[in-house]
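The chain contents come next:
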Amino acid sequence: MTFKDLGLTPAIQKALHEEGYTIPTPIQKQSIPILLKGKDLLGCAQTGTGKTAAFAIPILQQMSLARADERGRRKIKSLIVTPTRELATQIAVSFGVYGKYTNLKNTVVFGGVKQGAQVEALRRGVDILVATPGRLLDLINQGYISLKDIEYFVLDEADQMLDMGFIHDIKKIIALLPRKRQSLFFSATMHPTIVELSKKILGNPERVTVRPEQTTAEKVKQSIYFVTKKNKIRLLVHLLQTQGMESVLVFSRTKHGANKVVKLLQRDGFQSAAIHGNKSQKAREVALDDFKKGKIKVLVATDIAARGIDIDELSHVVNYDLPNIPESYVHRIGRTGRAGSSGEAVSFCDIEERPYLKDIEKLIRKKISVIHEHPFLNDLLERASEEPERTHGHKRHPKPGQKKKSAGKNNYWRNRNSGPRKSS
Ligand code: AMP
C-alpha cells in the first residue's frame, strides 16, 4: 500500500512526496482510513511509529476540504494537546510540512517562555493549535484562546501526561470542548487509568494498536553491559572511542545525573550537552540544533525531555541508567531505528538495576544480549562477590562458621545468557 491508495488530496500527496514518504507506516495504514470517515480513535502507539502523520494527515485533509467553502476569520478547529514543549513543537512542524500546500495555519503554545509571540500568532488567526496543557489553560483563562469551535481534538502521549501530573488540566480542557467533535487519543501504554481517561474523551472509538515489539524492539539491535555505577562513565568513554558511535543519545534517570555525565565527558574531550527540564527552552534548542548539525556527538537527556526529540540520524541510544519504568526502555530505544532505519541501543546495568532489567525483558518478551567481555567487568564481579546476597530485599547473612556465599552471584553476571561475546 502507498499513500496514493489512501485517497488523499493532491495537495497532501505532493507534500508527502516531497518529504520522501511513499509507504505509510502500520499506524498510518490503519488509522488514516478510520479518521477520514470521521470516527473517534484510540491509538496504542509510541513515538517513532509515524503516529504524528497518522493523525495530522486526516485532520489536514478534512479541514482543508471544509475550509475551501469558508470565508472570514480563522477559528481554531483542531486542538492537539501533548505533554512536552519539544513534542508540541515537533507536531506543529509536522502539520506545517504535511499541510504545506493546504490553506491551513497552525501555531504552537507551551510554557517556560514569554507568551507575547504566542499571543501574537493566535491574534493573526490559526486553524490548528498544538499546545501543552498548562500554557493552554493560561491563555484560555486570559481570553486569548476559545475552544468553542473545536471539531478535532487529539490527546497525545496520554500515559506521559498522567506521569507528569497533568490529569486535572486535561479534565479542565475536556470540559471546555464542544460535545460534537472527532476525538483521537494516543498512548504508548494502556493502563486501567488511561483506559478510564480515554472513555471520558472518546465516543465509540475504533482501536488501533501498534505493538512496540512489532516496531522498535524488533528493529533495534540491543545489548547490555554489566558494569558498576562507578565505571559507567569509563565504559561510555571506551565505547565512544572504540565503537564508531556517530550520534549518541544517552539517557540518564535524573537531571543531576545528566549534568554529571556531560561534565565528565567534556573532561575527556567529548563535546556533549544535557537536555532536561531544568534547562531553558533556548538552551534545549541550541543543544538539539548543535546535535543535529553534528557539532556535538553526544546528547544526554532525561526521559521526559527526550520525548519529542525528532532526529532521523541517531546511530545509538545508550541507557546509562536503566529506567525503573519498563515502558520507558521501549520509548528510549525507539529514538533510534526510526521509520525503517536500523539503530543500536546499548544499556548499562549495575547490581541495583537488575530488577529493572528483569521487568524490561518481561515487557519486550526477550532476553537482551549480554556483552560478556569489556574492560570493566572484573570490577563488577569483585563487587558482586563482596556483597551479601539479597533475598526479597533482605541481606542474607552467613551463619557462624559458614563461608561467605558468592559463587551464585558471580555466575549470574558471567552466565546471564549466551549472547555475543565481544572483545574490546
Ligand atoms: P513519529 O512517530 O510521528 O514521531 O514519527 C517518527 C519519524 O518517522 C519522523 O521522523 C517522521 O518524519 C518519520 N515518518 C513518519 N511517517 C513516515 C513515512 N510514512 N515514511 C517515512 N518516514 C516517516
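Just above sits the structure.
In short, a report on the structure. (Residues numbered from 1 in each chain as written. Predicted model: local features only at pLDDT ≥ 70, side-chain atom pairs only at ≥ 80, totals over all residues. Heavy atoms only, no water.)

## Here's the deal with the sheet that holds strand S14 (residues 369-370)
At step 1: Reading across from one edge, S10-S11-S9-S12-S13-S8-S14 is the order of the seven strands in this open sheet, with parallel pairing throughout. Pairing within the sheet leaves two strands with one partner each, and these edge strands are strand S10 (272-275) and S14.
At step 2: Across four bridges, the pairing between strand S12 (residues 316-319) and strand S13 (residues 344-349) is parallel. Of the residues in S13, the one forming a bridge with Val317 is Ala345.
At step 3: Strands strand S9 (248-251), S10 and strand S11 (298-301) of the sheet are contacted by helix H13 (residues 281-292), whose axis makes an angle of about 145° with S11. (Pairing = 2+ DSSP bridges. Helix = DSSP H or I, 4+ residues; strand = E, 2+ residues; numbered from the N terminus. Contact = heavy atoms within 4.5 Å. Axes fitted to C-alpha atoms, helices over the stretch in contact; angles between N-to-C directions.)

## Section: helix H6 (residues 133-141)
At step 1: Along H6, the residues that are buried comprise Pro133, Arg135, Leu136, Leu137, Leu139 and Ile140.
At step 2: Elements that come into contact with the buried residues of H6 comprise strand S2 (78-81), strand S3 (106-109), helix H5 (116-124), strand S4 (128-131), helix H7 (158-163) and helix H8 (167-175). (Buried < 20%, exposed > 50% of the residue type's maximum accessible area, 1.4 Å probe, protein only.)

## Notes on unusual backbone geometry
At step 1: Non-glycine residue Glu157 carries a positive phi angle of around 50°.
At step 2: As for its placement among the helices and strands, Glu157 is situated in the loop between strand S5 (152-155) and H7.
At step 3: The class of Glu157 is buried, set by a relative accessible area of 2%.

## Regarding the environment of Val318
At step 1: Mapping Val318 onto the fold places it in strand S12.
At step 2: Residue Val318 is classed as buried on the basis of its relative accessible area of 0%.
At step 3: Counting along the chain gives 28 residues from Val318 to Val346, while the straight-line C-alpha distance between them is 4.8 Å.

## A closer look at the packing of aromatic side chains
At step 1: Overall, the coordinates contain six aromatic pairs when judged by the stated rule.
At step 2: With centroids separated by 5.9 Å and ring planes inclined at 50°, the aromatic side chains of Tyr320 and Phe348 adopt a geometry described as tilted. Here the residue Tyr320 occupies a position in the loop between S12 and helix H15 (326-333), and Phe348 occupies one in strand S13, the gap between them amounting to 28 residues. Phe348 matches Tyr320 in its accessibility class, with the two residues each being buried.
At step 3: Clustering of aromatic rings is evident, with ring pairs tying together Phe3, Tyr21 and Tyr98.
At step 4: If you follow Lys14 out to its NZ or CZ, it ends over the ring of Tyr101, 4.2 Å from the centre.
At step 5: A cation over an aromatic ring shows up here: Lys232 above the ring of Tyr320, its NZ or CZ 5.9 Å from the ring centre. (Phe/Tyr/Trp six-rings, centres within 6.5 Å; stacked < 30°, edge-to-face > 60°. Lys NZ or Arg CZ within 6 Å of the ring centre and 35° of its normal.)

## Quick look at the pairing of S9
At step 1: By the alternation rule, side chains of S9 split into Val248 and Val250 and Leu249 and Phe251, which are all buried.
At step 2: Strand direction decides the pairing type here: S9 and S11, joined by four bridges, are parallel. Paired with Phe251 across the strands is Ala301, a residue of S11.
At step 3: One ladder, built from four bridges, connects S9 with S12; its direction is parallel. The residue bridging Val248 from the neighbouring strand is His316, located in S12.

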